[in-house]
Amino acid sequence: MFKQGKAMDVNGSRVKFDYHGLSGTLMVTCEGSIVFKKFLWLPYKRYSVTIAKQTYQIKALLFPFNNIGLYQGKQVICKSLFPRLKYTGIVTFSLSCIKRLGLFLALMMG
(Lines give C-alpha, C1' and ligand atoms only; values in the text may rest on other atoms or scores of the structure.)
Protein backbone atom coordinates (compact mmCIF):
# COMPACT_ATOMS: atom_id res chain seq x y z
CA MET A 1 0.00 0.00 0.00
CA PHE A 2 2.84 2.40 0.75
CA LYS A 3 4.82 1.70 -2.42
CA GLN A 4 3.36 2.49 -5.81
CA GLY A 5 4.99 1.84 -9.15
CA LYS A 6 4.27 2.28 -12.83
CA ALA A 7 6.30 1.56 -15.94
CA MET A 8 5.46 3.09 -19.31
CA ASP A 9 7.00 4.06 -22.64
CA VAL A 10 7.72 7.78 -22.94
CA ASN A 11 9.23 9.08 -26.18
CA GLY A 12 10.48 5.60 -27.08
CA SER A 13 12.20 5.00 -23.72
CA ARG A 14 11.10 2.70 -20.91
CA VAL A 15 10.42 4.88 -17.87
CA LYS A 16 9.59 3.62 -14.38
CA PHE A 17 7.89 5.78 -11.76
CA ASP A 18 8.13 4.75 -8.09
CA TYR A 19 6.43 6.54 -5.20
CA HIS A 20 6.93 5.60 -1.58
CA GLY A 21 3.95 6.95 0.34
CA LEU A 22 5.47 6.68 3.80
CA SER A 23 8.54 8.76 3.02
CA GLY A 24 6.95 10.83 0.22
CA THR A 25 9.78 10.09 -2.21
CA LEU A 26 9.19 10.01 -5.97
CA MET A 27 11.83 8.40 -8.15
CA VAL A 28 11.87 8.30 -11.96
CA THR A 29 14.24 5.95 -13.76
CA CYS A 30 14.80 5.90 -17.51
CA GLU A 31 16.58 2.92 -19.06
CA GLY A 32 17.97 1.94 -15.64
CA SER A 33 19.40 5.34 -14.62
CA ILE A 34 17.77 7.69 -12.12
CA VAL A 35 16.67 10.92 -13.81
CA PHE A 36 14.58 12.34 -10.94
CA LYS A 37 14.42 11.71 -7.22
CA LYS A 38 12.65 14.10 -4.86
CA PHE A 39 11.00 14.18 -1.50
CA LEU A 40 7.52 15.58 -2.22
CA TRP A 41 6.33 17.66 0.70
CA LEU A 42 4.47 20.63 -0.80
CA PRO A 43 0.71 20.13 -1.35
CA TYR A 44 0.92 21.32 -4.99
CA LYS A 45 4.11 21.57 -6.99
CA ARG A 46 5.40 21.18 -10.55
CA TYR A 47 8.75 19.57 -11.19
CA SER A 48 10.70 19.50 -14.46
CA VAL A 49 12.31 16.28 -15.56
CA THR A 50 14.26 15.45 -18.71
CA ILE A 51 13.41 12.08 -20.23
CA ALA A 52 15.07 11.02 -23.50
CA LYS A 53 16.24 14.58 -24.24
CA GLN A 54 12.71 15.99 -23.84
CA THR A 55 11.46 18.11 -20.95
CA TYR A 56 8.37 16.97 -19.07
CA GLN A 57 6.56 18.27 -16.01
CA ILE A 58 5.45 16.21 -13.06
CA LYS A 59 2.47 17.81 -11.36
CA ALA A 60 1.89 16.63 -7.81
CA LEU A 61 -1.30 17.41 -5.89
CA LEU A 62 -0.76 15.72 -2.56
CA PHE A 63 -3.54 16.96 -0.32
CA PRO A 64 -6.29 15.72 -0.14
CA PHE A 65 -6.40 13.79 -3.41
CA ASN A 66 -2.84 12.44 -3.89
CA ASN A 67 -2.65 12.83 -7.65
CA ILE A 68 0.66 12.76 -9.55
CA GLY A 69 0.63 13.25 -13.33
CA LEU A 70 3.07 13.58 -16.22
CA TYR A 71 2.68 16.39 -18.77
CA GLN A 72 4.61 17.86 -21.67
CA GLY A 73 3.60 21.49 -21.95
CA LYS A 74 -0.22 21.43 -22.17
CA GLN A 75 -0.28 17.85 -23.48
CA VAL A 76 -1.28 15.16 -20.99
CA ILE A 77 1.01 12.14 -21.07
CA CYS A 78 -0.47 10.41 -18.01
CA LYS A 79 -3.08 12.18 -15.89
CA SER A 80 -2.69 9.88 -12.88
CA LEU A 81 0.49 7.85 -12.52
CA PHE A 82 -0.80 6.12 -9.40
CA PRO A 83 -4.61 5.76 -9.50
CA ARG A 84 -4.72 3.52 -6.42
CA LEU A 85 -2.88 6.20 -4.45
CA LYS A 86 -5.53 8.73 -5.47
CA TYR A 87 -8.33 6.41 -4.36
CA THR A 88 -6.80 5.67 -0.96
CA GLY A 89 -6.18 9.39 -0.41
CA ILE A 90 -9.82 10.24 -1.06
CA VAL A 91 -11.07 7.44 1.19
CA THR A 92 -8.69 8.36 4.01
CA PHE A 93 -9.58 12.04 3.78
CA SER A 94 -13.33 11.29 3.78
CA LEU A 95 -13.12 8.91 6.74
CA SER A 96 -11.03 11.32 8.80
CA CYS A 97 -13.56 14.13 8.16
CA ILE A 98 -16.46 11.87 9.21
CA LYS A 99 -14.56 10.81 12.33
CA ARG A 100 -13.80 14.40 13.32
CA LEU A 101 -17.41 15.43 12.75
CA GLY A 102 -18.56 12.54 14.94
CA LEU A 103 -16.14 13.53 17.70
CA PHE A 104 -17.23 17.16 17.49
CA LEU A 105 -20.92 16.22 17.72
CA ALA A 106 -20.21 13.90 20.67
CA LEU A 107 -18.44 16.73 22.51
CA MET A 108 -21.29 19.14 21.77
CA MET A 109 -23.97 16.69 23.01
CA GLY A 110 -22.14 15.58 26.13
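In what follows, the accompanying structure is described. Please read all numbers here as calculations on a predicted model, not as lab measurements.

1. Remarks on the pairing of strand β4 (residues 33–39)
Step number 1: Inspection of the sheet shows strand β3 (residues 25–30) paired to β4 by six bridges, in the antiparallel sense. Across the sheet, the residue bridging to T29 is I34, located in β4.
Step number 2: Linkage of β3 to β4, two consecutive antiparallel strands, is achieved through a turn of two residues, within which E31 is found at a positive phi near 55°.

2. Some remarks on the side chain of K59
Step number 1: Within the fold, K59 resides in strand β6 (residues 54–61).
Step number 2: One buried charged residue, K59, remains without a salt bridge, the closest side chain of opposite sign being D18 at 22 Å.
Step number 3: Ignoring sequence-local partners within four residues, the contact set of K59 consists of Y44, K45, R46, N67, I68, G69 and Y71.

3. Regarding the sheet that holds β3
Step number 1: The strand order across the open sheet formed by four strands is β1-β2-β3-β4, and the pairing between neighbours is antiparallel. The open sheet has two free edges, formed respectively by β1 (3–10) and β4, since each of these has just one partner strand. Looking at each pair of strands side by side, their axes are set apart by 15° on average, direction ignored.
Step number 2: With six bridges joining them, strand β2 (residues 13–20) and β3 adopt antiparallel strand pairing. For K16, the partnering residue across the bridge sits in β3 and is T29.

4. Things to note about the nonpolar core
Step number 1: Of all hydrophobic cores here, the largest spans 23 residues; its most connected members are I58 and I68.
Step number 2: Excluding residues that lie within four positions of it along the chain, I58 makes contacts with L26, V28, F36, K45, R46, Y47, V49, I68, G69 and L70.

Criteria and thresholds
- Residues numbered from 1 in each chain as written.
- Predicted model: local features only at pLDDT ≥ 70, side-chain atom pairs only at ≥ 80, totals over all residues.
- Heavy atoms only, no water.
- Pairing = 2+ DSSP bridges.
- Helix = DSSP H or I, 4+ residues; strand = E, 2+ residues; numbered from the N terminus.
- Buried < 20%, exposed > 50% of the residue type's maximum accessible area, 1.4 Å probe, protein only.
- Lys, Arg positive; Asp, Glu negative; His and termini not counted.
- Salt bridge = Lys/Arg side-chain N within 4 Å of Asp/Glu carboxyl O.
- Contact = heavy atoms within 4.5 Å.
- Axes fitted to C-alpha atoms, helices over the stretch in contact; angles between N-to-C directions.
- Core = buried A, V, L, I, M, F, W, Y, C linked by side-chain atoms within 4.5 Å.

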